[in-house]
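# Chain and residue survey
One letter stands for each residue in the lines below.
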Amino acid sequence: MRDSNSRNEAAVDGGADAVANKARAGILWLLSSSTVWQLLSWVFTLLTARFLHPTDYGLLALAETMNPYLLLLATLKLDTWLIQQRNLSLRDEQSVFALALLLGSVSFTGGVIGAPVVGKFYDSAQVMIPLQLVSTVLFLRSIQLIPDARLRRAMEFKTIAAMRPIVTGKQI
């Protein structure tokens, strides 16, 4: 009986070690990809600053001011909820996807409709078009929510790290 218990404990410890190793490898992948992506982001920022007129660069910065708030509304951190659920059914995923699409649409619409208000606030009609274009990311993020949450739930950090710069450039 004692030998059987020690085998079960060893199996549990082996499973915990496998998860810990996968988590360590995932952290290394995410850190390395985040570092590479940050360096590329700086290079692109410097190139963009070199080619754009300072007022155009400032215009894009103004267009980005509403994006974090609208992105929070667009996702409501539903991806975090999906990852943390112990038992997740297909119906749960479908419901969250429908809600994410609704929230992404509302956020996109809010960005498009709110652009003139922001333009008036900044006393710049030129900020409206970039803000409306940036708002398209909100709807695209809602489409990406389920696949991204599935990969993170399965701890497929290598896949996420490889796809991030190609798909969205999003930081995790």
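Keep in mind it's a predicted model, so treat the numbers as computed, not measured.

What counts and how
- Residues numbered from 1 in each chain as written.
- Predicted model: local features only at pLDDT ≥ 70, side-chain atom pairs only at ≥ 80, totals over all residues.
- Heavy atoms only, no water.
- Helix = DSSP H or I, 4+ residues; strand = E, 2+ residues; numbered from the N terminus.
- Expected span 1.5 Å × (residues − 1).
- Bend = angle between axes of the 7 residues up to and from the residue.
- Buried < 20%, exposed > 50% of the residue type's maximum accessible area, 1.4 Å probe, protein only.
- Contact = heavy atoms within 4.5 Å.
- Axes fitted to C-alpha atoms, helices over the stretch in contact; angles between N-to-C directions.
- Parallel < 35°, antiparallel > 145°, perpendicular 65-115°, else oblique.
- Left-handed = near helix turned anticlockwise from the far one by under 90°.
- Nonpolar A, V, L, I, M, F, W, Y, C, P; charged D, E, K, R; others polar.
- pLDDT = per-residue confidence, 0-100.
- Arc of directions from axis to C-beta.

### Details of helix H5 (residues 90–121)
- Compared with the 46 Å implied by 1.5 Å per residue over 32 residues, the 44 Å span of H5 between its first and last C-alpha is a close match.
- Where H5 bends most, at Gly114, the angle is about 45 degrees, and the proline Pro116 comes one to four residues later.
- Within the span of H5, buried status applies to Glu93, Val96, Ala100, Leu103, Gly104, Ser107, Gly111, Gly114, Ala115, Val118 and Gly119.
- Elements in contact with the buried residues of H5: helix H3 (67–75), helix H4 (78–84) and helix H6 (128–153).
- Where H5 ends, the next residue or the one after it, Asp123, has phi of about 55 degrees, a positive value.

### Points about unusual backbone geometry
- In this structure, Asp123 is a non-glycine residue whose phi angle is positive, near 55 degrees.
- Position of Asp123 relative to the elements: it lies in the loop between H5 and H6.
- In this structure Asp123 comes out as exposed when scored by relative accessible area, which is 72%.
- One non-glycine residue, Met155, lies in the positive phi region at around 55 degrees.
- Here Met155 lies in the loop between H6 and helix H7 (157–167).
- A relative accessible area of 24% means that Met155 is categorised as partly exposed.

### A word on the packing of H3 against H5
- The N-to-C vectors of H3 and H5 enclose an angle of 155 degrees; their axes lie 7 Å apart at closest approach. When the interaxial angle is binned, H3 and H5 end up roughly antiparallel. Crossing hand, H3 versus H5: right-handed. For the pair formed by H3 and H5, the contact residues are Leu70, Leu73 and Ala74 on the first element and Ala100, Leu103, Gly104, Val106, Ser107 and Gly111 on the second.
- Tallied by class, the residues present in the contact of H3 with H5 amount to 6 nonpolar, 3 polar and no charged.

### Observations regarding the confidence of the model for the chain
- Predicted confidence across the chain gives a mean pLDDT of 80, with 85% of residues reaching 70 or more.
- By mean pLDDT, helix H1 (residues 2–51) is the weakest element of the chain at 70, and H5 is the strongest at 91.

### Some remarks on H3
- Those residues of H3 not exposed but buried are Asn67, Leu70, Ala74 and Thr75. One side of H3 holds all its buried residues, which, seen down the axis, span an arc of 120 degrees.
- Of the surrounding elements, those touching the buried residues of H3 are H4, H5 and H6.
- Following H3 by one or two positions, Leu76 adopts a phi angle in the positive range, close to 50 degrees.

### Some details on the packing of H3 against H6
- Where H3 contacts H6, the two axes come as close as 10 Å, and the packing angle between them is 30 degrees. Taken together, the axes of H3 and H6 are roughly parallel relative to one another. The element H3 and its partner H6 pack so that their crossing is right-handed. Between H3, through Asn67, Leu70, Leu71, Ala74 and Thr75, and H6, the contact on the second element is made entirely by Val134, Ser135, Leu138, Arg141 and Leu145.
- Split into classes, the residues belonging to the contact of H3 with H6 amount to 6 nonpolar, 3 polar and 1 charged.

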